[in-house]
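Close look at the chain arrangement
Chain by chain, the residues:
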Amino acid sequence: MMNPHKDTIIRKAYAKINLGLDVTGRLENGYHLVRMIMQTVGIYDVLTFTAARSGIRISVEGGELPTGEDNLIYRAARLLMEAGGVKEGVDIHLEKHIPIAAGMAGGSSDAAAALLGLNELFALGLSREQLRQLGVCIGADVPYCIMGGTALAEGIGELLTPLTPAPPCGLLVAKPDIQVSTKYVYEQLDAREIGHHPDIDGMRSAIETGDLTGIADRLGNVLETVTMEACPVIGRIKREMMANGAMGSLMSGSGPTVFGIYGSQEQAGAAGDCLRETGLASELFVTEFV
Ligand code: ATP
């Protein structure tokens with residue numbers, strides 16, 4: 001059962017941002033119907049999988065996270081190992097870099113990396129499609145995290161259409177030192193009418209023609225006003241990014257992480273230096289689309 005050539009596998013789990021996030025409805029089970037433009041960015045956790053005699057053991061470095069069943073990595077590992085009939089165990093080490101509870105799908109990406117990594121470690125031979133089907137049982141964003149890159153996500157987030165890779169840019173990512181509950185944000189959204197829907201189709205066309213200005217002009221997230229009302233620091237970070245040359249700036253997912261798109265890495269770096277001085281963000285990354 002074990003891969004005869006390897007007893008350790010190392011995988012990167014990349015964060016995502018939403019260039020567009022629209023909510024179009026709500027299912028009876030509470031899930032929201034969405035249309036999202038997803039983009040992988042160069043911020044990643046590192047997961048190391050080592051074959052063991054039995055059990056699933058998780059160790060975490062760089063963040064306060066549960067190591068038992070509440071960790072999405074644990075749930076992914078158990079699901080995959082049950083599906084594949086694996087009798088052995090695994091030790092998983094997580095080196096955490098993606099901001100936690102930040103709207104960057106860190107947990108979902110770790111779960112996706114666990115499905116991919118353990119499929120390889122135990123030589124299970126499951127297809128990407130089979131892994132995506134297991135992934136959606138863990139979270140709506142997990143199938144996208146298995147695929148990565150630039151994509152349109154519909155349904156509850158699991159219906160994926162890969163898009164042309166977005167054109168290169170400088171990207172500044174800033175997380176203020178506040179916690180936001182995804183559940184709270186969606187509940188608040190349900191209680192109000194959505195006044196303005198982002199132009200998801202226009203965003204898709206701008207991506208397909210490599211039009212960075214068109215992308216920056218169409219950034220939109222229906223959750224932003226909800227989270228921003230509770231956390232005004234998000235608006236301050238956006239204004240700071242725009243004042244320092246961003247082509248566009250937006251909150252990612254349910255927040256509170258904010259990103260800014262710049263013409264170059266240098267510009268993003270200089271804007272990052274200015275933002276650091278304001279003390280508005282506790283975590284700052286100058287990065288790029290992946
Ligand atoms: P999304 O963008 O999908 O809403 P997020 O970035 O807002 O995700 P995560 O960092 O994925 O949020 O984590 C949200 C919660 O999930 C945290 O409170 C955390 O305790 C829990 N969690 C479980 N496993 C993990 C993991 N491996 N990494 C991060 N969070 C995890």
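Residues numbered from 1 in each chain as written. Predicted model: local features only at pLDDT ≥ 70, side-chain atom pairs only at ≥ 80, totals over all residues. Heavy atoms only, no water.

1. Some details on the site of the ligand
In the neighbourhood of the ligand, 19 residues make up the surrounding shell, with L72, A101, G103, A105 and G107 lying closest. Calculation on the ligand without its partners gives an accessible area of 610 Å², and the protein chains cover 77% of this total. Mapped by element, the contributors of at least two residues to the shell around the ligand are α1 (72-83) and α2 (106-121). Here the shell around the ligand takes four residues from α2, the largest share from any one element. Considered class by class, the residues forming the shell around the ligand number eight nonpolar, six polar and five charged. (Near = heavy atom within 4 Å. Areas by Shrake-Rupley, 256 points an atom, 1.4 Å probe, with all protein chains shown as cover. Helix = DSSP H or I, 4+ residues; strand = E, 2+ residues; numbered from the N terminus. Nonpolar A, V, L, I, M, F, W, Y, C, P; charged D, E, K, R; others polar.)

2. Brief notes about the pairing of strand β2 (residues 32-52)
As paired elements, strand β1 (residues 8-26) and β2 share 17 bridges and run antiparallel to each other. Looking across to β2, one finds that K16 is bridged to T40. Here β1 hands over to β2 after five residues, with G30 in that stretch at a positive phi of 95°. Where β2 meets strand β5 (residues 150-154), four bridges bridge the pair, whose relative direction is antiparallel. Directly across from M38, in β5, lies its bridge partner A151. (Pairing = 2+ DSSP bridges.)

3. What to know about the packing of α2 against helix α3 (residues 128-136)
Interaxial distance between α2 and α3 falls to 10 Å at its minimum, and their mutual angle equals 135°. Classified by the interaxial angle, the pair formed by α2 and α3 is oblique. Relative to α3, α2 is oriented so that their crossing is right-handed. Of the residues in α3, those touching α2 at L115, L116 and N119 are R128, L131 and G135. Here the residues of the contact of α2 with α3 are counted per class, giving three nonpolar, two polar and one charged. (Axes fitted to C-alpha atoms, helices over the stretch in contact; angles between N-to-C directions. Parallel < 35°, antiparallel > 145°, perpendicular 65-115°, else oblique. Left-handed = near helix turned anticlockwise from the far one by under 90°. Contact = heavy atoms within 4.5 Å.)

4. A look at unusual backbone geometry
The omega torsion across G255 and P256 is 5°, close enough to zero to call that bond cis. Among the structural elements, P256 can be located in the loop between β9 (248-251) and β10 (258-262). The phi angle at A101 is positive, at roughly 50°, despite the residue not being glycine. Following the sequence through the fold, A101 ends up in the loop between β4 (89-95) and α2.

5. Some thoughts on the packing of helix α9 (residues 233-243) against helix α10 (residues 265-278)
Between α9 and α10, the shortest axis-to-axis distance is 9 Å and the interhelical angle comes to 140°. Here α9 lies oblique to α10, going by the angle between them. Where α9 crosses over α10, the two elements pack in a sense that is right-handed. Counting all contacts with α9, which are made through I237, E240 and M241, the residues of α10 involved are C274, L275 and T278.

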